Every structure is written in structure tokens, then in C-alpha cells.
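# Residue-level structural notes
These are the residues of each chain, in order.
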Amino acid sequence: MIKDNEYEALEKIVGSQNISREPVILDTYAFQWCAELLNVINDKPPARYYLRPAAVILPSSTEEIQQIVRVCNKYGLKFKAFSTGLGPWNCVSTPRTIQIDLRRMNKIVKIDTKNQYAVVEPYVSGAQLQAEVMKFGLNCHMPGAGPQVSPLASATSMAGPGFTSASTGFAGRNVLGVEWVLPSGDLLQLGALGQKNDPDWFTGDGPGPSLRGIMRGFVGAKSGLGIFTKVAVKLYPFPSKPEWKISGESPNYKFEIPNYLKFYIINYKDWDALTNALRRFEEEEISFMCYYASRGAICASFANSREEMFSYYSIHTRLKRPLTLMIGAQTEREFEYKKKIVEGLIQETGGKDYTKKIKIRDVSYAEALRCLLGFHGFLITGCFQSTHGGMDTIEMAIRMAKLNAPIKRKFIEKGGIADDQGEGVWLATYERGHMAHCEMPTMYDATKPESVVGWVEYAHACDELDLKEHLGIPFFIEGDKQHEWYGPHCMNYHIWLRKIKEAFDPQNIADPGFYITSKKTS
Amino acid sequence: MTDLQAKLIEIVGEQNVFKDEDVLETYYKRYADNFLVKSPIKPKLVVKVKKKEDIQEILKLANAQNFSVVPVSSKAVDPNASDAPHSENTIILDLTEMNQVLIVDRKNRMCMIEPGVSFGQLFPIVKKEGLRLLTPLLPACNKSVVTTALEREPITIPRYQWDSSDPLLCTEVVFGTGDLFRTGSAAGPGTIEEQRASGQAQKNPLGPTQFDPFRIIQGAQGTIGIVTWISLKCELLPDTRKILYVQAEKLENLLDFLYTLLKRRFGDELFIVNNLNLASLIRETSAEITKLKGKLSPWTLIIGLGGRQPYGQAKLEFLEAELNDIAKEQGIQLLNEIENISNEDVIKIFDNCTKNPWKLRYLGGSQDIFFLTTLDKTPRFIDTFNKIVESTQFSKDDIGVYIQPLVQGCNCHCEFNIYYNPSDTNIKQKARELFEKASIQLMDQGAFFSRPYGIWAEEMYKRVSPVVVDSLQKVKAIFDPKNVLNRGALCFKEESA
Amino acid sequence: MTLELKKLADYKDIMERCIRCSMCKWIPQVQIKSWKYAQVCPSIDEYNFHAYSGGGRMIIALSLLTERIGYSEELLNIVYRCTACGACAVSCKYLNDLEPLEVIEALRKKIVEDGEGPLPAHKKYMKLTEEVHNPYGEEPSKRLDWLPSDIKVSKNSKLAYFVGCTTSYRRKEIAIATARIFNKAGVEFQLLGEDEFCCGSPILRAGGEAQVLDLIKRNIKAFKERGIETIVTSCAGCYSTLKADYPRYVKHDFKILHTSELLEQLLKEGKLKLKKEVPLTVTYHDPCHLGRCSEPYKEWHGEIMEPIPLVRFPVPPLPLRQGTYGCYYPPRNVLKAIPGLKLVEMERIKEYAYCCGAGGGVKAAFPDFALKTAGRRLEEAIDTGADTLVSCCPFCATNLQDAIKANNAPIKFYDLTELVLKAMED
Ligand SMILES: Cc1cc2nc3c(=O)[nH]c(=O)nc-3n(C[C@H](O)[C@H](O)[C@H](O)COP(=O)(O)OP(=O)(O)OC[C@H]3O[C@@H](n4cnc5c(N)ncnc54)[C@H](O)[C@@H]3O)c2cc1C
Ligand code: SF4
Ligand code: SF4
């Protein structure tokens, strides 16, 4: 509970209309996608709500955030930031925690069209940013979560794979200058932004060691080490002519596919052929998107209803290990060149072009450009969450998919998770095939306790598999319990991570629930 | 024999501990004359190591006995004197013999190397596998590959630099505490062997989990940890190449075209040099350089194109045609050749190293000033620099300029080379004066010295927010609480030990 | 969603399946064309807490239903600071199948049923409607005060012009224009006069289900008694209520037309000729209730199968009201037929149009919020370069004109009928 004087101190900063401790408002922050999983993981019943924050506050500026954090320090309150706020990692982990909803910080601060970066505040969405930067022929990376989430959150605080990762990389690697309110309330500006003369956003490293090194890691510190108020993210060339012409009414939109863009679904007979194909396509540096999604996932991502998805059944049965590829070009010549390479590579790798059979609707092109394909998962299943997430080579990612299938089938038989024949996989390549990650989207029913428990048990088996088979560290190794489990298997990293927390936030003012706890608390 | 010496001998054996004056002197000479070093300090001892366990032992000893350790991995002299001790009580940890190429992996486009591996050693090995390295512009053959990656030295192919940290991937490191660690996916689960058996190749630099220790080690001038190997991102070696050029009287005239190429991700090698630097890269002697320089336009943009079988020819044709169209549209003259320079001359400087460091070819001495900025700001900095050259009456003919776009075009490395004859004390003094004055004025103008060596460090850290310095010191206190690693470098002053 | 009426508890499953993705705060993602006009929910745009979004209100409803929270003044405020514009539902259902708007409406009904609401302003107009058959408390005998003496009304026509309370008492210019056009185009129509009662829309949106049911029954009876087959209305609220909501309570087979639809038909048949130049650059505001909310509910008799265990699959497919079949083109086609008139579109149109801010009882209970929302919509209209804003709803007209006045905005407002009349005048 928050005391009156504490509440008043916060209220003074933002005004009474921008803070609340009414249960009716707090409950809307306790309810989260996958909160039921979090509850079960923490030995509680599988409710759709996690903890209520002590209050929710809506700051409008970095200065206000600094003041809020200082008040938290003064009264021993904790804070948890969120930007667009999708996912259980936004939940507060202890009762005296203030949820800082950054919705009012929603500006695109700068688009540097020449140097190809944009500076955004937390509540700018991917679609907003893309719409603005494409006016200059540019594009931004978006996480698979979709265009409605925050590029700032993704870049600074949260994982970062995306459907276009082959050409737009990983969110955590697209970061330039950063403005960051530390758990003390101090303002840290990374890189050239931190200099007093002509501060600028074009780099976030140095002078000397890069403080990006303590900022987020592979999966993000999830507000465990402060609040990011602005970030410069790298931009990428828009893959085709930057035109966006869409007509019709929802959901029957008609998209005028801009010049020059083309989807391919190329089928391979087995994992080895697919591994080779992913590598070869990426070596030729032609793709805008290049990933493996299981045949079921392909049918889902190109359908806009369950009925449509099931109508793809005959294709589904014929697809084995399909590679999804999209190429884009600025000129006819570039397009022809890339198409020629694709044809050559299909031959070389022994693939079969299934593109025409899937009948990809034009609006799927819009959804691909706008990173909406992943969201089709919900349309089909109601709810899913991924397990695994390790990222290294294509080969490792494929191996993970192979090894996971029998385990998943075992749990499907048990009845907790939905039947995808153990095949539900999304495997994305990064930076022209230099890396790949693999995750297993797993359908369950969030409203059925046995299903929620089933998912959690299955996820634990996945985490164990990664340890045993050396498949990298999964996405959701976060929080003390998980770190203390994995740390000893991974160079005792958790000891160092904890030291960072202790150095910057000894009193755990930044909610450590999805990070790591300082043991220095008095 | 001192107690320290005895203890070190116990760790690495007598043959690897050096206290002879002439040995110490050789190390001292590497940096004593460097303008970045205010008051050069001679190391107390030099210790050669080959095993990470020995490094761990030595660092534990340093913690116990409170001395500073400066690692040296290159046989080549570091033009930035990053190996100069800042503290009286320093030993040099010579890693040049820790020089195994541990892995070369064509399939996964990487290699794993120890710190002593030099460019001269590595180039032929990776080329044999069909790989190319992402390197600084024509590095010295005896330079350590690891340290160039660790020091975020600019690479010549901006489109392959997705993150400022590239080409550095994973590291194995002994922190200042003496603890061994592996960063990125190399952290585990599993040993490196187990990871490789599982299909991994230490490609993901991020993590483990929620921090990126490799970014703290990088750019740290050896103040956070001593790296015992790194995995390095490689690309595929082209078998078909073509070089294109654009020449200009004014730098500004090249920038729009360069920006377009960066945005389209066209061109492998992509950089701008002034005539003196281009001549220095191409010719080997002072006379030849002077001669060639006179025939070149003041500025040249170099564009390297490459392709590989079976699509190499098609790729080059497509690229050339596109580049020609863009050039035409922008009123740029795209050249297949520059008079007096052959394509072979230029190709030679790519995917290659030199035994005759190109910056020393012209006058025998060079001191570099470099910083990060954006391409559009470079003309302003060049203007400032030229004014200082004028005001210090240094010969403007002896200035090299190198502009290297980085991170796929988001920023660039801007470098001025002050060439001088080291045996002419008068000129040398002028060069030093120019160096010091220009460094400060450029910083004041917002040039971001992201790699602040020697005397730059103090000046640069004065010019950033105190929260940055405080945060760096907090990080340092975690990984090297006793400040035994390169004590005094960066913002880690002696007294903070 | 289906024709069948449901209680809040019936939506529990839907509420529990909200994924908190926040799609409901934005226009459908593929439609986003700028930073500025990407958002769609007037309520969260003003109040910012998640509670103020479509998804947020589903959570509140679930919390109330499951007794995690009880009634409070704050709860009522949140529930009623929503224009029931339905934009959230369109965006949610682009890639999901939840029903935030239906939940909001069911929640309001529960609040009224439980005797906890609606808000005083709503209670006031509900009472007035009960007493004098219009929410403004105007005299029933004055309903036809707008009617100019030269208008020809055909008492026995099977076509009725259902004027609606707002048009009758507050936006008389629309009624006049409509009637004149009908006369000129030779459309015979009857007027109900004192016999015209409120359609029930304001009561329904505030959750007054019992009261609205009486009204519906009464109105349908009156229509039948007067031999009416086709009802034409110039009000978007009346239109969607008669067309989409009535059949959920009482099935009827009246043909419901909005004036724009009739005008489009007349144009096609050559009965309406627009000859006079109207040299304006106009942008058109889609009223929520003429557009996305007017889509009829469909019957569904099926069951939820699980062809794959845990994956629910309604057989036959559940009809979804996704805003697909709103009345979007008739007003535009009519505008395009006006000589000299240039139509420019705003970014948020049709099923993802931004609400004017007046609906759902907001204008009555939270006039400032209503005005601010209209101000946002005006900005978008002005950004198109248009000099004139046009719409098809007296309620939108009132709120948008209030905002034009309050902001001294450089734009004029006309109802579609007014412009058509201009183009007809000789
Ligand atoms: C269908 C689906 C697919 C997904 N696919 C992907 C994917 O491909 N790649 C991927 O990366 N993720 C994916 N996710 C997970 C996804 O990243 C997150 O759900 C999403 O990025 C979080 O969204 P957000 O941007 O709304 O960030 P938020 O939820 O706002 O924040 C994420 C985390 O960062 C913290 N945070 C947010 N803002 C700040 C700030 N300003 N300062 C400090 N901390 C902050 C929050 O506390 C939270 O812990 C997927 C989710 C779904 C539903
Ligand atoms: S109501 Fe729909 S769109 Fe809104 S958060 Fe819930 S699932 Fe997402
Ligand atoms: S009905 Fe309109 S105002 Fe209400 S929540 Fe939905 S979008 Fe917002």
C-alpha cells in the first residue's frame, strides 16, 4: 500500500489527473497476457491477474520521471516502467511498486534521414515510426510482437527478434544514443549524447567502454535498471518503393503491392536441406525476410480467419520444411537480379516453389512489411506463448527445433498444450544469416487451469533441454529463481549481473522481479 | 630479485619474466614518443603469458600486491599508445605468443583467435577457407587482430557493421578480479566444445541474459579484463572484384552520393581519403607518394564491389549499372579508374595487411586524431582542423584525412593524420602543438572522441556528463575493484584504486 | 457478434481472452499512415490510463463480474467516459475476435440493472424521454416546429422520414434540407410528428435496457399502425439503433435507410439532379453509427468445436461485426456528384474513423471531453486542406460545430443534405 504522503508527493509531480490508486485502474495493470503463467510459475493459482501496483503514474517528461524515481528512493517505493505494456514482464513483483506508464511520452524526437536513425520516446509505436520514416524511404525494425508495440521498449529493454531480422537485425543491436533515468534518478546519456558540446544521437558507445554493456543484454533488463526515456534506433532502407496504398474495409483490405516486392514459400524435404537453404539464401544477401515457420504457422500467418486457415489443409500436408522468403528492390533491375538469384538458389538447394499454391493475399504483403504476421497466431489459437529462444547459428536453431518436437509431443499427449504435432516453430535469421534464433510458439488455453499448468510444465522441460543439449539460454531466464538455476551452468553470470544491480540500485528501487535482486538491501 | 619477480616466475617460468633494461626499453620506446603520452612511464617488468590460467594467477597476484597490469597483444607499435602504463607500478603482460588460431569456420562465417594472432598470420588462413576479415584500412601485418576488434577500430565495409561492436562477437576474458568469464552465447550452457557439438559457433555476442559484458570489455583499453580469445565475425571472400572511384575538389560533393550508397547498402569497401592518404595507401616510398599525390584530386571516394561464384558476375553487373544510374542522376562522375592508379593497386589494400605501415611511408612519423561524428558534420570539422593547421603554421601538405562511414552509415570515423619527420625535432614539436591544439578544439566543437587514449581521456571525460563518468567507475569497480588493469587509463585514475 | 442478446456474465470468456495487446487503441495497424493520426480511441487519448481503452474496460468488467472490485464513482466515470464509438472493436477484430464494445454496453446495462448507474446526466435525459419522448425535454407538440409551410408531406406514404429528436429540436436545418430535397426529387414521405418518439439510442448507450425495450416495442407498433414500410432517417444514431439494435430486441422487417443511401439511389435513378456548382473543398466525417456501428447483427446457431484440443473453433463460423458493411460510400458518392465540389479524405475514415466525441452519453455527462475529442477530429479535417467539413448526423454536427466555435477553427460545417440542397437550388 502506498501512504497518503507518498501518494501526494507523486501527485505533485504529475498532477492529480495523471496518477491513480483506484483499484478499478490498478486492476487493468494487473491483468496481462500470460499473467496466468506467471502465477503458476510462482506457485499461485492460474489467475489472469498478477499483482496490483501501488499506484499508476503517467509522467510526461524525463524530468518528471527523474522526480518520480527520486520520490521512490525517498520513501522506499519501487517502480516498474512500461511503454506499450504487452506481456507479463510488465507486472510489478511486489506490492509497494509504482507502475510508470509512459504513454504520454509519445514523440518522435528526430528522424535523421541521412544518417539513418530515429530518436523515439517510449510510447511511439512501430507502425507510427514506420509510417513516418517510410516517407523518406526508410524502415524500422519491429519485434514479432507487432507494430503496436514500442520500438523503444524493444530496443532498450526487451528481447528483439522480428520477422524482418534477416535485413533489420535484432532490436538490441540497433541502438545508438540513449537517454536513461537510473534507479537513483540520475540521468545517464550514452555515447555522443553524453557529451557537453554538441550532444548527438549517432552513437551510444563510449567514451571508452560502452555502457550499453549494462543496459540490456540479449533479452533486456525489463525496467530492472532504470527507465529509458529516449533512444536512437538505426533505420533501414525501406525494402521496396515506399508506397502504402490500401483500400477496402476491414478485414477485406486490398493492398496495392508496391514495386518491387515478392514473397516466396519454398519447400524443403528435410531439416538438412532447409539448413543449407537458409544459409545459402542469406549468403547471397538478397532477402528482406528469411525465416522458417512451421507449415501450420505459415497457414495461420496467411489466413485471416480460422476457416481460411483450415482451407489450406491440403497445402499443409504437402509442405514439409518451408522457407519463407521475401525480397524487395528499389529498381526493376535490382528486382530482376534478385529474382534470378532466388531461382538459381531454389535449383541449387533442391527446393520447391510453393508460393503460388498458398495464394498469398496482397494484404499479407502489407502485414509482412508492418510486422503483423506473428499476430495471426492469436487469431487461430486464442493464446500462445513461446518457449526456448536461444540465438546463435542456423544449425543450432534447427537442432533445437528437431530436439524439441518429441518433448512437445509428449506434453501434447498429456493434454496441457494444444496439438501442433510438436511442430510449432519460428526460426528467424539475423543480419544476413550470421545468427539465428529459434522459439516454439505453444498454444494453450489461458482460461483453463490445467492448460496453464501444462504450458508451465512443458516450458520447464524446454528449459531443461536447453541446458542438457547446450542450446543457448532461453528468453525467459530472468528473475532470481531462473538466474540462480541457469547461472551456475553459464559461467556464474548471475553473480556479475547481481553486482551491476547492487552498484546501480542497491535498494532495489527498480523492480527486480524480471531482472535480479540486489542483496544489499538494508 | 624482487619478491614480485619471484612470484611471477613461479607462475610463468623464468624464461617468461623480463626485467632487463633493454627489454623494458623496447616496450618503453613503443609509446615514449607518442603525443598522446604526457609523461611516459617505464614498466617494472615484462611477463609473457600463453595460458589463461597464468593470466588469472597474475591478476590475483596484482590484486594482492597492488600493481598495475597492462596487456600487450601486438608486435606492432600501437599508434595510439594504448599500451603505455599510466601508473609507476606497472608490469606489461605480453600476450603476443598467445597466438593460436583456434577455429576457422567457413559455414558459420567466423573464426576464434587468441590475442597474439596477427593479421599477417590470420589473413592466409581465413582466405584459404574462403573467408574475409572485417579489418581497419590496410592494417600492419604484425598487429593483433583481437585488439583492433576490442578497440572498436573502424572497419572498411560499413554495410557489414550492423552494430558498432562488429566484428567482435564472443570473448573469453579474465576480469580484473582474476575470474574467468565467457561473454555472449559462449557463456553457455556447455563448454565451447559442447556448444560446437550442438551446432553453435559463438556467434551471438549478446548476453548472457540481461547484460552485455562484451561491450564493457570493448573500448576499455584493457581496464576491465584481459581477453584470452575472441570469436570474430567474418564474411565470404569475393572472387570477383571491381573498384569504382569518385573524385572531387570538395568533400561536400561526395557526401550525397555516399549517403545514397549507404542507404542502398551498395558497395563493400566504402570510404573517403584525401590525396595524400590515397597516395600513401597505394605507393610505398615518400617520393612516389609525393608524386602520385600531386596528380590526384583532393578527395577520392573509393567503392569496392565484390561478388562470388556462381552469381558474382551478375551481381557486379547489376551493381555497376545501379551505381551508374545513381551517379548520373546526381551528376556524379563515376570512374572505373583513376589515372596513375590501377585497380590492382587498390585491390591490394583490401583483405590484406602491410609490413610497411602506410601512415609511416610518407615521412616516417604520424600522429592521428580521430573521433566519431556523422558524414554531414565532417566538412565542419575539416574546416576547423585546417584553420588550426594554418594557425600553427604546420605544413598543410602533410595532413592526411580518412573518413570511414560506420554502422551501415549511421555515423563515421573521421581521422586526421599529422605526418612528420620524427628526426626533425622542430617539425615534431610543431606537429605536437598542432595535435594538442586540434584535439581540444575539435572536442570543444563536439567531435566525439569515443576511444580516448592517453591525454585525450582526461579532456574527453571533462566534456561528458559526470553521470557517465560515475557510471563507468561503478562498472570498473565491479570487474576490477582494485584497479589493477591499466591503472590510470580512461577515467580510472590511480586514486580510485 | 450474434443477434442474441447477452448479459455481462455471458462475455466472461471473451473478457478473459483479452491479450492486452492494445490493438484497440490504434486504427487497424495496416491503415496507419502517420504518427499523428494513428490512434483511434477518444477515451484513452484523453485520459491515458489503460482502463480507458476498449481492452481496459473489458478488464474492468471482468474485475467487477468476478468481484475483484466493487462499484465506485471512479468506475462509473471510466465506464461512461467512452463514446461507445466501437472503434476499439473494429481494431480488435482485425486479427482477433473479441468484443470490447459489446462488453462495454453489457457492462453499462449491468450497472443500470444493479441500480448503480447511469450518471445523473443520463438519468435526467432518460427520465425526460420517458416523460416527453425526447431526451431534450422539449414539448412533443413542437416536434414539427421545423417544418416549413411549403413542404409537402404525404400522410399515407409507406415511406416515413424519421426525423429524430436531435434533428427535430436542435438541427432543424437538416430536417428542412432533407424535406426539401425529398419534395424536389418527388419522394413522397410521411412524418410521425408527435407520434415520433425517441428511437432509444441515448438510453440504450447509457445501459437503460428495460426502458429501451418499452420504447422499441412502442415504436415498432406505431410504425406498423401507420403502414410504414421504409424508414428514412438523417440521423446516424437513429439509423444504427433502428437497423442494428432493434432486431436484437424485436425482430422487424422495416427497410431502414439513411438519407445518404436514399439520395444515392435517387441519383442513380436520375430522380435527383445536382446541377449547381458548389465550389468547396470538403472532407467527410463518418459518423460511428452510420458507419461501423450500423452493421446488423446476425443470427448464429452453432457450437464451439475443438477440432484440435484447446483450439476453439465455432461451427459454423461466428459472424463478426468488423465494420465491413457500414454505410461508407453513399455519402461519398453523393458528395462526388455535386458539381464543383472537391472531396478530400482524412486519414481515419470509414470503419476506422475517429469519433466526433459526442456519442455514448458523453456529450451529456462530459461535455468538455466531448469538445476536446471534436477538437482532435477538427484538426485532422483541417490538415486535409479542406475548407468544409461534412457529415451525416445531427449529433456529430452539434459537437463538431461546438468545437469549431470553441476553437475558432478555420473550417465550416455542413450536413450532407445542406450541400445537396445547395447543388439543387436553381
Ligand atoms: C504475438 C507475439 C509475438 C511476439 N514476438 C516477439 C518477437 O518476435 N520479438 C520480441 O522481441 N518479442 C516478441 N514478443 C514479446 C514482445 O517483445 C513483447 O510482448 C513486446 O515487445 C513488449 O512490448 P512493448 O513494446 O509493449 O514493451 P513493454 O511491454 O512496454 O515493455 C517490455 C519490458 O520492458 C520494460 N520497459 C518498457 N519500457 C521501458 C522503459 N522505457 N524503460 C525501462 N524499461 C522499460 C517493461 O517493464 C517490460 O518489462 C511477442 C509477443 C507477442 C504477443
Ligand atoms: S480488447 Fe482486443 S485489441 Fe484490445 S487489448 Fe484486448 S485483445 Fe487486444
Ligand atoms: S467505444 Fe470508442 S471510446 Fe469507447 S473504448 Fe472503444 S474506441 Fe474507446
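Preceding this paragraph is the structure being described.
Report on the accompanying structure. Not measured: the values here are computed from a predicted model. Think of each chain on its own: its residues are numbered from 1, step by step along the sequence as written. Chains carry letters from A onward and ligands carry numbers from 1 onward, assigned in written order. It should be noted that, the model being predicted, local features are given only for residues of pLDDT at least 70 and side-chain atom pairs only at 80 or more, the latter also being counted only at that level, while totals for whole chains, interfaces and linings use all residues. Processing note: side-chain calculations cover all non-hydrogen atoms of the structure and skip hydrogens and water entirely.

What follows covers the overall build of chain C. Numbering goes from the N terminus for both helices and strands, where a helix is a DSSP run of H or I of at least four residues and a strand is a run of E of at least two. Counting secondary structure elements, chain C contains 18 helices and nine strands. In terms of overall dimensions, chain C has a C-alpha envelope of 65 × 50 × 45 Å along the principal axes. By residue count, 66% of the 426 residues in chain C fall in the buried class. Should any heavy atoms of two residues lie within 4.5 Å, those residues are counted as being in contact. Considering only contacts within chain C whose residues lie at least 6 apart along the sequence, 78% involve residues at least 24 apart. Computed with a 1.4 Å probe, the accessible areas rest on the Shrake-Rupley method; for each residue, only the protein chains presented here act as cover. Carbon and sulfur atoms form 50% of the exposed surface of chain C, whose accessible area is close to 14800 Å². Buried means the residue's accessible area, taken with a 1.4 Å probe over protein chains only, is under 20% of the maximum for its type, while exposed means over 50%, and partly exposed covers the values in between.

At the junction of Ser250(A) and Pro251(A), the peptide bond is cis and its omega measures out at 0 degrees in the coordinates. Here Pro251(A) is to be found in the loop between strand S12 (246-247) and strand S13 (254-255). Along the chain, Asp166(B) connects to Pro167(B) via a cis peptide bond; the corresponding omega equals 10 degrees. Within the element layout of this structure, Pro167(B) appears in the loop between helix H5 (145-150) and strand S8 (168-175). For Thr209(B), which is not glycine, the phi dihedral falls at a positive 45 degrees.

It is worth spelling out the pairing of S8(B) at this point. Residue and element names in this part refer to chain B. By the criterion of burial, S8 is predominantly enclosed, with eight of the eight residues buried. Should DSSP find at least two bridges between two strands, the strands are taken to pair. Alignment of S8 against strand S10 (residues 225-236), held across six bridges, turns out to be antiparallel. Note on S10: the bridge partner recorded for Val173 is Val227. Relative to strand S9 (residues 180-182), S8 is paired through three bridges, and the arrangement is antiparallel. By the bridge assignment, Val173 is partnered in S9 with Phe181. Between the end of S8 and the start of S9, which pair antiparallel, lie four residues, with Gly178 showing a positive phi angle near 95 degrees.

Moving on to the packing of aromatic side chains. All names here are of chain B. Stacked, edge-to-face and tilted are the three classes for Phe, Tyr and Trp ring pairs, Trp counted by its six-membered ring, which pair at centre distances within 6.5 Å; planes under 30 degrees apart are stacked, over 60 edge-to-face, the rest tilted. Per the counting criterion, the structure on display carries 56 aromatic pairs over all chains. When the ring of Phe35 is compared with that of Tyr420, the centres are 5.3 Å apart and the planes differ by 20 degrees; the resulting orientation is stacked. In this pair, Phe35 sits in the loop between helix H2 (21-32) and strand S2 (45-48) while Tyr420 sits in strand S16 (residues 411-420), placing the two residues 385 residues apart along the sequence. Phe35 sits in the buried class, given a relative accessible area of 1%. Relative accessible area serves as the criterion here: at 6%, Tyr420 is assigned to the buried category. Here the aromatic rings of Phe181 and Phe211 are separated by 6.4 Å at their centres, their planes lie at 55 degrees, and the arrangement is tilted. Of this pair, Phe181 sits in strand S9 while Phe211 sits in the loop between helix H6 (192-197) and helix H7 (213-217); the two residues are 30 residues apart in sequence, bridging distant segments of the chain. With respect to burial, Phe181 and Phe211 carry one shared label: buried.

Another aspect to go through is helix H16 (residues 394-414) of chain A. Residues and elements named next belong to chain A. Relative to the 30 Å expected for 21 residues at 1.5 Å per residue, H16 spans 31 Å between its end C-alpha atoms, a close match to the ideal helical length. Fitting axes to the seven residues that end at a residue and to the seven that start at it, the angle between those axes gives the bend at that residue. Residue Asn404 marks the point of greatest curvature in H16, where the axis turns by about 35 degrees; the proline Pro406 follows within four residues. Positive backbone phi, at 105 degrees, marks Gly415, one or two positions downstream of H16. Multiply 1.5 Å by the residue count of a helix minus one, and that product is the helix's expected span.

Attention shifts here to helix H9 (residues 275-282) of chain B. Most of H9(B) is tucked away, with eight of its eight residues classed as buried. Listed in full, the buried residues belonging to H9(B) are Asn275(B), Leu276(B), Asn277(B), Leu278(B), Ala279(B), Ser280(B), Leu281(B) and Ile282(B).

For the rest of this paragraph, the subject is the site of ligand 3. Residues and elements named next belong to chain C. A single heavy atom is enough: if one lies within 4 Å of a molecule or strand, its residue is considered near that molecule or strand. Near ligand 3 lie 14 residues; those nearest to it are Cys41, Cys82, Cys85, Gly86 and Cys88. For the shell around ligand 3, the secondary-structure elements that each account for two or more residues are helix H2 (42-47), helix H3 (54-65) and helix H5 (87-95). Under this grouping Gly is polar, as are all residues other than the nonpolar Ala, Val, Leu, Ile, Met, Phe, Trp, Tyr, Cys and Pro and the charged Asp, Glu, Lys and Arg. Across the shell around ligand 3, the residue classes break down as eight nonpolar, five polar and one charged.

With that settled, the discussion passes to the nonpolar core. For this analysis, a nonpolar core means a set of buried residues of the types Ala, Val, Leu, Ile, Met, Phe, Trp, Tyr and Cys, connected via side-chain atoms within 4.5 Å. Phe281(A), Ile303(B) and Ile369(B) are the most contacted members of the largest nonpolar core, which totals 423 residues. Other than its neighbours up to four places away in sequence, Ile303(B) contacts Lys242(B), Ile243(B), Leu244(B), Val246(B), Phe257(B), Leu261(B), Gly267(B), Glu269(B), Leu270(B), Leu323(B) and Leu334(B). Within the second largest apolar cluster, 27 residues are counted, among which are Ile2(A), Val14(A), Ile68(A) and Ile100(A).

Residue and element names in this part refer to chain A. One open sheet accounts for five strands, arranged S5-S6-S10-S8-S9; its pairing is antiparallel. Taken across any chain shown, the strands that pair with only one partner, and hence form the sheet edges, are strand S5 (108-112) and strand S9 (187-189). Averaged over all pairs of adjacent strands, the angle between their axes in this sheet comes to 10 degrees, without regard to strand direction. Bridge analysis of strand S8 (residues 175-181) against strand S10 (residues 227-234) gives five bridges, and the strand direction is antiparallel. Residue pairing across strands places Val178 opposite Val231, the latter belonging to S10. Orientation is described by axes fitted as lines to C-alpha atoms, over the contacting stretch for helices, and by angles from 0 to 180 degrees between their N-to-C directions.

What follows concerns the pattern of salt bridges. By convention in these notes, a salt bridge is any Lys or Arg side-chain nitrogen within 4 Å of a carboxyl oxygen on Asp or Glu. In the structure shown here, the tally under the stated rule is 114 salt bridges over all chains. Asp27(A) is the partner of Arg68(C) in a salt bridge, and the nearest nitrogen-oxygen pair spans 2.7 Å. With Arg68(C) in the loop between H3 and helix H4 (73-80) and Asp27(A) in helix H2 (residues 23-30), the pair connects residues from two separate chains. On the accessibility criterion, Asp27(A) (0% relative accessible area) is buried. In this structure, Arg241(B) engages Asp351(B) in a salt bridge whose closest nitrogen and oxygen atoms are separated by 1.9 Å. Within this pair, whereas Arg241(B) is found in strand S11 (residues 240-248), its partner Asp351(B) is found in the loop between helix H12 (343-347) and strand S14 (365-373), the two being separated by 110 residues in sequence. The exposure class of Asp351(B) is buried, given its relative accessible area of 8%. Through salt bridges that share partners, Arg173(A), Asp205(A), Arg212(A), Glu431(A), Asp163(B), Asp166(B), Asp212(B), Arg215(B) and Lys233(B) make up one connected network.

Residue and element names in this part refer to chain B. Read from one edge to the other, the open sheet built from four strands follows the order S1-S2-S4-S3, with strand pairing classed as mixed. Strands at the two margins of the open sheet, each flanked by one partner only, are strand S1 (17-18) and strand S3 (68-72). Two elements, S1 and S2, share two bridges in a ladder whose sense is antiparallel. If you follow Phe18 over to S2, its bridge partner there is Val46. Taken strand by strand, helix H3 (residues 52-65) contacts S2, S3 and strand S4 (90-94), and its axis lies near 175 degrees from that of S4.

A few words now on the interface of chain B and chain A. If you look at the interface, chain B gives 104 residues, while chain A gives 101 residues. Buried surface area refers to the total accessible area, computed with a probe of radius 1.4 Å, that the two partners give up upon joining, counted for both partners together. In total, chain B and chain A occlude about 8300 Å² of area from one another, counting both sides; carbon and sulfur atoms represent 57% of this. Three residues stand out in chain B for area buried against chain A, namely Trp162(B), Gln210(B) and Tyr311(B), and they jointly supply 12% of the buried area on that side. Counting across the chain B and chain A interface gives 15 salt bridges. Its salt-bridge partner being Arg380(B), residue Asp198(A) comes within 3.4 Å of it at the nearest N-O pair. N or O atoms closer than or at 3.5 Å make up a polar contact, with two conditions inside protein: a donor-capable atom paired with an acceptor-capable one, and, for residues adjacent in sequence, both atoms drawn from side chains. Summed over the shared surface of chain B and chain A, the result is 58 residue pairs in polar contact (both at pLDDT 80 or more). Considering every element that reaches the side of chain B that touches chain A, the biggest residue donor is helix H16 (residues 466-479) of chain B, with eight residues. Partitioning the side of chain B that touches chain A into residue classes produces 45 nonpolar, 29 polar and 30 charged.

With that out of the way, let us pick up the interface of chain C and chain A. When the parts of a complex come together, some accessible area is lost, and that lost area is often taken as the interface size. Counting residues at the interface gives 66 residues for chain C and 73 residues for chain A. Taking both sides of the interface into account, the surface hidden between chain C and chain A amounts to around 5800 Å²; carbon and sulfur atoms contribute 60%. Applying the counting criterion to the chain C and chain A interface returns six salt bridges. For Arg103(A), the salt bridge goes to Asp45(C), with nearest N and O atoms at 3.2 Å.

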